[in-house]
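Residue-level listing of the chains:
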Amino acid sequence: VQLQASGGGLVQAGDSLTLSCVASGRTFSSYTMGWFRQAPGKKSEFVASISGSGGSTQYVESLKGRFTISRDNAKNTVYLQMNSLKPEDTAVYYCAADRAFGHASWNEYNYWGQGTQVTVSS
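A quick note: this is a predicted structure, and the numbers were derived from the prediction, not measured. (Residues numbered from 1 in each chain as written. Predicted model: local features only at pLDDT ≥ 70, side-chain atom pairs only at ≥ 80, totals over all residues. Heavy atoms only, no water.)

**Describing the side chain of threonine 90**
Move 1: Positionally, threonine 90 belongs in the loop between strand S8 (77-82) and strand S9 (91-98).
Move 2: Within the structure, threonine 90 has its side chain in polar contact with the backbone oxygen of proline 87 (distance 2.9 Å).
Move 3: Among the polar contacts listed, one links the side chain of threonine 90 to the backbone nitrogen of valine 120, at a separation of 2.9 Å.
Move 4: What threonine 90 contacts, discounting residues up to four positions off in sequence, is Ala39, Gln117, Val118, Thr119 and Val120. (Helix = DSSP H or I, 4+ residues; strand = E, 2+ residues; numbered from the N terminus. Polar contact = N/O pair within 3.5 Å; in protein donor to acceptor, adjacent residues only side chain to side chain. Contact = heavy atoms within 4.5 Å.)

**Looking at the sheet that holds strand S3 (residues 17-23)**
Move 1: Strands sit in the order S1-S3-S8-S7 across an open sheet of 4 strands; the sheet is antiparallel. On the outer flanks of this sheet lie strand S1 (3-6) and strand S7 (67-72), each paired with one strand and no other. This sheet shows a mean twist of 15° between the axes of neighbouring strands, independent of strand direction.
Move 2: Here S3 pairs with S8 via 6 bridges, running antiparallel. Paired with leucine 17 across the two strands is methionine 82, which belongs to S8. (Pairing = 2+ DSSP bridges. Axes fitted to C-alpha atoms, helices over the stretch in contact; angles between N-to-C directions.)

**Focus: the pattern of salt bridges**
Move 1: Tallying each qualifying case throughout the model produces 4 salt bridges.
Move 2: With a shortest N-O distance of 2.7 Å, glutamate 45 and arginine 37 are connected by a salt bridge. (Salt bridge = Lys/Arg side-chain N within 4 Å of Asp/Glu carboxyl O.)

**Side note on unusual backbone geometry**
Move 1: The backbone of asparagine 76 sits at a positive phi, close to 55°, despite the residue not being glycine.
Move 2: Locating asparagine 76 in the fold gives a position in the loop between S7 and S8.
Move 3: On the accessibility criterion, asparagine 76 (16% relative accessible area) is buried.
Move 4: One non-glycine residue with positive phi stands out, namely serine 84, at about 45°.
Move 5: The exposure class assigned to serine 84 is partly exposed, which follows from its relative accessible area of 41%. (Buried < 20%, exposed > 50% of the residue type's maximum accessible area, 1.4 Å probe, protein only.)

Right under this line is the structure:
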């Protein structure tokens, strides 16, 4: 599985942004998809994940209500809708694929995209 993330950019605090991640292959719907982020000088942080069918989602507690993960299996794409962005959301955001649902550690995911930079100015 190859993953290509996009949609990052420079925004102001309070703005919204939607990230996309397109996957190659015909088995996209069999993978749980996740988003992680890594800020400068910090460890990778789990953001959210969604099951292959889209019926189950998981979020880091601190981002619930502001970020929404979704997927379109017909387009092999997973999205991360980010609202009310804050400067502390500044990070490189990565999408990842996992064969199982429920994992929140980066080393449990099998495939990774290249990352897209999100910068939130105050």
